[in-house]
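So you can see what is in the structure, the chains are spelled out below.
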Amino acid sequence: MKHLIWSTLPDVEKISGGRLKVEHFTMKAHVDAVVRSAGFERHTFVQAPFYFQNLKLFVPQPLPDGRRGWAVPMDPTGRVIHAGDIAELGRAVAAAFGAGAGLANGSYLAVCGGTYSWDDFVKTLNALGHDLGVVRVAPEVYDGFFPGAKELREMFQYFEAHTYFGPHAQTRIAAANALVPGGFTVFSEWARKNMMPGG
């Protein structure tokens, strides 16, 4: 094989100076060095976004105001979540293979339909007929919600402090968009097809 494409994510531990530990991000990032030294003629790194589909997996729960929605350990107004349709990751991979030498070796491509806050997600869904909300909860409260909550809490705190894709986000998003004609689906378009009430 002449061209290896590795699906990776930011090194949260490095970016946060060791303050935050999000293993499902950082463990992938640690493989980047292995890929660089593996001897492939070409290699490219593709970064997946926060999936729009996560909003179906994180089932809305009862909130204090009587509505259903999400309790998150971060500022729900902060536009720090680089999100997209996971089904479109393959478009970036295919474009990288197709670009050949036209794509700089070792490039990072960040797949992103837009940069959102939790409030943005809720407002979009409510405009489609949902009645959802979002509230901020203290870290220690979130940690008690379910087994493994601590890692997700640190992930959300990482988003708040550094954004989902981290310090090189804009360059890497632009690189992916330059390769994929028309870019990637925005949340409002995806939600109309996938999250209509009763659907």
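Keep in mind that what you see is a predicted model, and the values were worked out from it rather than measured.

A. Spotlight on unusual backbone geometry. Of note in this structure, Thr163 is not a glycine but carries a positive phi near 70 degrees. Examined against the element boundaries, Thr163 turns out to sit in the loop between helix 7 (149-162) and helix 8 (169-179).

B. Representation of the packing of helix 5 (residues 118-127) against helix 9 (residues 187-194). Where helix 5 meets helix 9, the axes come as close as 10 Å, and the angle between the chain directions of the two elements is 45 degrees. Of the possible angle classes, the one that applies to helix 5 and helix 9 is oblique. For helix 5 against helix 9, the interelement crossing comes out right-handed. Where helix 5 approaches helix 9, its residues Phe121, Thr124 and Leu125 are matched on the opposing element by Phe187, Ser188 and Ala191.

C. The arrangement of the layout of surface pockets in detail. As a volume, the largest pocket reaches approximately 310 Å³. Forming the boundary of the largest pocket are 17 residues, of which Pro10, Asp11, Lys14, Ile15 and Arg172 lie nearest the centre. Mapped by element, the contributors of at least two residues to the lining of the largest pocket are helix 1 (12-15) and helix 2 (23-36). Among the elements that line the lining of the largest pocket, the one with the most residues is helix 2, at five residues. Grouping the constituent residues of the lining of the largest pocket by class yields eight nonpolar, four polar and five charged.

D. Spatial organisation of the sheet that holds strand 7 (residues 108-110). The three strands lie next to each other as 1-2-7, forming an open sheet whose pairing is parallel. In the strand order of this sheet, the two ends are held by strand 1 (3-8) and strand 7, each with one partner. Averaged over all adjacent pairs, the angle separating strand axes in this sheet is 25 degrees, with direction ignored. Pairing analysis gives six bridges linking strand 1 to strand 2 (residues 42-47), with the strands arranged parallel.

The rules behind the values
Counting restarts for each chain: residues are numbered from 1 in the order of the written sequence. pLDDT decides what is reported in this predicted model: residues at 70 or higher carry local features, side-chain atom pairs at 80 or more are listed and counted, and totals for whole chains, interfaces and linings draw on all residues regardless. Heavy atoms throughout the structure, all of them, feed into the side-chain values; hydrogens and water do not. Runs of H or I in DSSP of at least four residues are treated as helices and runs of E of at least two as strands, each being numbered from the N terminus. Only the stretch in contact is used when a helix axis is fitted, and all axes are lines through C-alpha atoms; the angle between N-to-C directions ranges over 0 to 180 degrees. Roughly parallel refers to an angle under 35 degrees, roughly antiparallel to one over 145, roughly perpendicular to one between 65 and 115, and oblique to any angle outside these ranges. Take the far helix as the reference: if the near one is turned anticlockwise from it by less than a right angle, the crossing is left-handed, and if turned clockwise, right-handed. Any two residues having at least one pair of non-hydrogen atoms within 4.5 Å are treated as being in contact. Within this scheme a cavity is a closed region of a 1 Å grid, computed over the protein atoms alone, that accommodates a 1.4 Å probe without allowing it to escape, whereas a pocket is open but has protein on both sides within 12 Å along at least five of seven lines; lining residues each have an atom within 4 Å of a point. Grid points are joined across faces, edges and corners, and a volume is the space filled by probe spheres set on the points. Each residue is assigned to one class: nonpolar for Ala, Val, Leu, Ile, Met, Phe, Trp, Tyr, Cys and Pro, charged for Asp, Glu, Lys and Arg, and polar for all the others, Gly among them. Two strands make a pair as long as DSSP finds a minimum of two bridges between them.

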